[in-house]
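Residues per chain are reported as follows:
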Amino acid sequence: ALVLAGFVAFEFCCGLYMPAVSAVKGALVPESLRSSVYATYRVPMNGMVLVVLLSDFPPDSTLLGCVGLLALAAAAGAMLPPSSAPPPPPPVAGEGAAAVP
């Protein structure tokens, strides 16, 4: 029962994460560059997967390496400058905002 509950929680988190990340990537990466940007990031990721799968690291070392890579990614993300995205447009009349005469 505990394994099933963990699996359901994991799938729930994936179900929330994937659409959210897709929406953010769609808003930040221009359509004209999207395929080349995604391919550029996919190559090192697939390289890391191959190294892990083709080596004979013990599970503890593999998980410790994953923790290190996640910590590195979190540190890199924390060093990014704040977003300079324009503010969202004001609500349209009839969508929760009072009409201005």
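Data block above holds the structure.
If you're wondering where the values come from, they're calculated on a predicted model, not measured in any experiment.

S.K.: So what exactly am I meant to see when it comes to the overall build of the protein chain here?
M.R.: The secondary structure content of the protein chain amounts to three helices and zero strands. The order of helices and strands in the protein chain, counted from the N terminus, is α-α-α. Out of the 101 residues belonging to the protein chain, those deemed buried represent 1%. Here the protein chain displays about 8,900 Å² of accessible surface, and carbon together with sulfur accounts for 76% of that area.

S.K.: Even after reading the chapter, I still don't get the pattern of salt bridges, so can you show me in this structure?
M.R.: When the charged atoms of two side chains lie near each other, side chains of opposite charge can form a pair. Across all of its chains, the model carries one salt bridge by this definition. For Arg34, the salt bridge is made with Glu31, and the minimal N-O distance between the two is 3.0 Å.

S.K.: Just checking my understanding: could you explain the packing of aromatic side chains for this structure?
M.R.: To describe a pair of aromatic rings, one takes the distance between the centres and the angle between the planes. Scanning all chains against the criterion turns up zero aromatic pairs. A cation over an aromatic ring shows up here: Lys25 above the ring of Tyr38, its NZ or CZ 4.5 Å from the ring centre.

S.K.: When you look at a nonpolar patch on the surface in this model, what are you seeing that I'm missing?
M.R.: A cluster of nonpolar side chains, namely Met45, Val49, Leu50, Leu53 and Leu54, defines an oily patch on the protein surface of about 550 Å² accessible area. Along the chain, Leu50 falls in helix α2 (residues 34-54).

S.K.: What's the story with the state of the cysteines in this structure? I'm lost.
M.R.: Between two cysteines, a covalent bond joining their sulfur atoms is known as a disulfide. Per the stated rule, a full pass over the model turns up zero disulfides. Cysteine Cys13 remains unbridged, with the sulfur of Cys14 as its closest cysteine sulfur at 7.1 Å. According to the relative accessible area criterion, Cys14 is partly exposed, its value standing at 26%.

Reading guide: rules and limits
- Residues numbered from 1 in each chain as written.
- Predicted model: local features only at pLDDT ≥ 70, side-chain atom pairs only at ≥ 80, totals over all residues.
- Heavy atoms only, no water.
- Helix = DSSP H or I, 4+ residues; strand = E, 2+ residues; numbered from the N terminus.
- Buried < 20%, exposed > 50% of the residue type's maximum accessible area, 1.4 Å probe, protein only.
- Areas by Shrake-Rupley, 256 points an atom, 1.4 Å probe, with all protein chains shown as cover.
- Salt bridge = Lys/Arg side-chain N within 4 Å of Asp/Glu carboxyl O.
- Phe/Tyr/Trp six-rings, centres within 6.5 Å; stacked < 30°, edge-to-face > 60°.
- Lys NZ or Arg CZ within 6 Å of the ring centre and 35° of its normal.
- Patch = residues over 30% accessible without salt bridge, like charges linked within 9 Å, V, L, I, M, F, W, Y side chains within 5 Å.
- Disulfide = S-S within 2.5 Å.

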